[in-house]
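Each chain is listed here by its residues.
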Amino acid sequence: MRDVLRLRGTRVLLAGETTSTLGDWALLLALAIWVKTLTNSNSLAGLVLLAMTAPTLAAPLYGWIVDRFRRKPFLIAVNLLSALAIASLLLVNNRHDVWIIFVVCVLYGISFSITGGAFAGLIKELVPDDKLGAANGMFSSARQSMRLVGPLAGAGLFAAFGGHLVAIVDIVSFAVAAVALAAVRVVETRPDHVQQHWLHEVSAGVRHVWSTKVVRETTASVAIGLLALGAVDTIVFAYIDQGLHRPPSFLGVLLTVQGVGAVIGAIVAPRIMRRLGEVAVVAVGILAFGICIGLLIYPSTPLALVAMPIAGLANTAAFVSYSTLLQRRTPGPIMGRVSAATDMVIGTAQTLSMAAGASLIAVVNYKIMFAVISAALLINGAVLWQRRGLAPVEVAGTATVAGDDAKARGSAMVAGDAADAADSVDARGSALAAAVATTPVGAPTAD
């Protein structure tokens, strides 16, 4: 990571990204608490997460839009527009204004969906191909570090001053990110556009993922893994209540120790990738997470405090490796669409899993569900491990890839945030669920 930090552009970008991520984490949890405080409704508070994740269903369209612009000015514009959207939260004063929060959540979800590919494209211009893994680890480490302090800061500010101040903090963080982007010196070529039917262009990312064997099979394994893991966000409350006999707020402790492991995972991932390769690290991450879920079958606080940081390490290392794999196997001109395609597949799998978990936990014991999830992850990881010797990672660099406007410019990089986006969906789910569960009914409003 030291070599990456020696590049001035990445240092400035890291400062802006860290500030923006802190603001995001602070507001994400506060939004659910805000809705719960104003309405005293668990259901409405839970819909905050759905409002943020639903926009990912249109991810291929966002990717097509991203690939039509230069990355730096596009990201500056998105950050400023996001700040403007957040500013509308200053109009929220009572339960009749809750609809504004939900509109902001949808816009927030769109912002998350469209920035991944553009952000990665900018990194492509700043970081040499042989340092992509280190760059991914560095940015992921920064995001995971903010995950440790952001939700607590947001909840604390909300409790002390109300939602308006938390919104202002996030507005400032978007502005700082825009200024940081403006300070980055980079020469970008204007994207070339081949006149084709818009549906053909929009689907280029999906076609590239499907036609590239190593990307297709690894993406399928990640999606299957999240199809199992998404349910954990809802099962964990039964585990804490029925198994550990602790209050719902204990989830905060578990998330904190998991976050510590995630920071470590982001740091060590590049080193492990150099030894094993990207596919192997993804497989090991899935296997390790399966073992950790298996440890939770027996309710024990010490076991939980051992399993959660290992799970965080495995999760982050796997996603950093997955991002790097995508980066090295995708031409630059279609990186936004490939990022969007993988976001859609992964996000849909996790959303379906969360919905299934919420339904099944009412009739199935959490131990049985943990056992099934653990077995699914272990089998999935073992299958991917057998495929770790897939073709060496080289960038597909010609216009024939995806039959699109892929005039390759040498080494290319796809969304470094694609995997982090999936990871953040998982983290947001847990954090928001904690907010819904721990906010007391009848808490004072933020008026």
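The structure this text deals with has already been given above.
Quick notes on the rules
- Residues numbered from 1 in each chain as written.
- Predicted model: local features only at pLDDT ≥ 70, side-chain atom pairs only at ≥ 80, totals over all residues.
- Heavy atoms only, no water.
- Helix = DSSP H or I, 4+ residues; strand = E, 2+ residues; numbered from the N terminus.
- Expected span 1.5 Å × (residues − 1).
- Buried < 20%, exposed > 50% of the residue type's maximum accessible area, 1.4 Å probe, protein only.
- Axes fitted to C-alpha atoms, helices over the stretch in contact; angles between N-to-C directions.
- Parallel < 35°, antiparallel > 145°, perpendicular 65-115°, else oblique.
- Left-handed = near helix turned anticlockwise from the far one by under 90°.
- Contact = heavy atoms within 4.5 Å.
- Nonpolar A, V, L, I, M, F, W, Y, C, P; charged D, E, K, R; others polar.
- Phe/Tyr/Trp six-rings, centres within 6.5 Å; stacked < 30°, edge-to-face > 60°.
- Lys NZ or Arg CZ within 6 Å of the ring centre and 35° of its normal.
- Salt bridge = Lys/Arg side-chain N within 4 Å of Asp/Glu carboxyl O.
- Core = buried A, V, L, I, M, F, W, Y, C linked by side-chain atoms within 4.5 Å.

**Q** Just checking my understanding: could you explain helix H11 (residues 213-229) for this structure?
**A** A rise of 1.5 Å per residue sets the reference length of H11, with its 17 residues, at 24 Å; its end C-alpha atoms lie 24 Å apart and thus fit the reference within 8%. Most of H11 sits out of view: 12 of its 17 residues are buried. When H11 is considered as a whole, its buried residues turn out to be Val214, Val215, Glu217, Thr218, Thr219, Ser221, Val222, Ala223, Gly225, Leu226, Ala228 and Leu229.

**Q** What should I look at first to understand the packing of H11 against helix H14 (residues 278-295) in this one?
**A** A packed helix pair is summarised by two numbers, namely the angle formed by the two axes and the spacing between the axes. Relative orientation of the contacting elements H11 and H14 amounts to 15°, with a least axis distance of 11 Å. Regarding the angle of H11 to H14, the classification is roughly parallel. Crossing angle aside, the handedness with which H11 passes H14 is left-handed. Here Val214, Thr218, Ser221, Val222 and Leu229 of H11 lie close against H14, whose contacting residues are Val279, Val282, Ile286, Phe289 and Ile293. Considering only residue class, the contact of H11 with H14 consists of 8 nonpolar, 2 polar and no charged.

**Q** For this particular structure, what's the right way to read the environment of Ile65?
**A** In this fold, Ile65 is placed in helix H4 (residues 59-66). By relative accessible area, which is 33% here, Ile65 ends up partly exposed. It is 9.9 Å that separates the C-alpha atoms of Ile65 and Ala118, two residues lying 53 residues apart in sequence.

**Q** Is there a simple way to think about the packing of aromatic side chains in this case?
**A** Where two aromatic rings form a pair, the distance of their centres and the angle of their planes describe that pair. Inspection of the entire model under this criterion finds 8 aromatic pairs. Relative to Phe174, the ring of Tyr108 lies with its centre 6.1 Å away and its plane at 50°, an arrangement referred to as tilted. Placement of Tyr108 in helix H6 (residues 98-126) and of Phe174 in helix H8 (residues 163-183) is noted, with a sequence separation of 66 residues between them. Judged on exposure class, the residue Tyr108 and its partner Phe174 are both buried. Put simply, the rings of Tyr108, Phe112 and Phe174 touch in pairs and so form one group of aromatic residues. We note Arg246 situated over the ring of Phe250; from NZ or CZ to the ring centre the distance is 4.6 Å.

**Q** How should I be thinking about the pattern of salt bridges in this particular structure?
**A** A side chain with one charge can pair with a side chain of the opposite charge if their charged atoms come near. Counting across every chain of the model gives 2 salt bridges. The salt bridge partner of Arg387 is Glu217, with a shortest N-O separation of 3.6 Å. You can see Arg387 sitting in the loop between helix H17 (366-386) and helix H18 (418-438) and its partner Glu217 sitting in helix H11, a full 170 residues away along the chain. By relative accessible area, Arg387 is classed as partly exposed at 35%. Residue classification places Glu217 among the buried residues on the basis of a relative accessible area of 15%. Close ionic contact of Glu278 with Arg328 constitutes a salt bridge, the shortest N to O distance being 3.3 Å. With Glu278 in helix H14 and Arg328 in helix H15 (residues 301-328), this residue pair connects regions lying 50 residues apart in the sequence.

**Q** Even after reading the chapter, I still don't get the packing of helix H5 (residues 71-87) against H8, so can you show me in this structure?
**A** The interhelical angle for the contact between H5 and H8, taken along N-to-C directions, is 165°, at an axis separation of 9 Å. Overall, the two elements H5 and H8 adopt an arrangement that is roughly antiparallel. Taken as a pair, H5 and H8 cross one another with a handedness that is left-handed. Residue-level contacts link Lys72, Leu75, Ile76, Asn79, Leu80, Ser82, Ala83, Ile86 and Ala87 of H5 to Ala167, Asp170, Ile171, Phe174, Ala177, Ala178, Leu181 and Ala182 of H8. The residue inventory of the contact of H5 with H8, partitioned by class, reads 13 nonpolar, 2 polar and 2 charged.

**Q** Sorry if this is basic, but what is going on with the nonpolar core here?
**A** Note on soluble globular proteins: their nonpolar side chains tend to be buried together. Core analysis: the biggest nonpolar cluster contains 46 residues, and Tyr239, Ile293, Phe370, Ile373 and Leu377 have the highest contact counts within it. Elements with a contribution of two residues or more to this core: helix H10 (204-211), H11, helix H12 (232-243), helix H13 (250-276), H14, H15, helix H16 (335-360) and H17. Of the residues forming this core, the biggest block, 8 residues, is contributed by H15. Apart from the residues lying within four places of it in its own chain, the contact partners of Ile293 are Leu229, Val232, Phe370, Ile373, Ser374 and Leu377.

The values reported here are purely geometric and, on their own, carry no functional implication.
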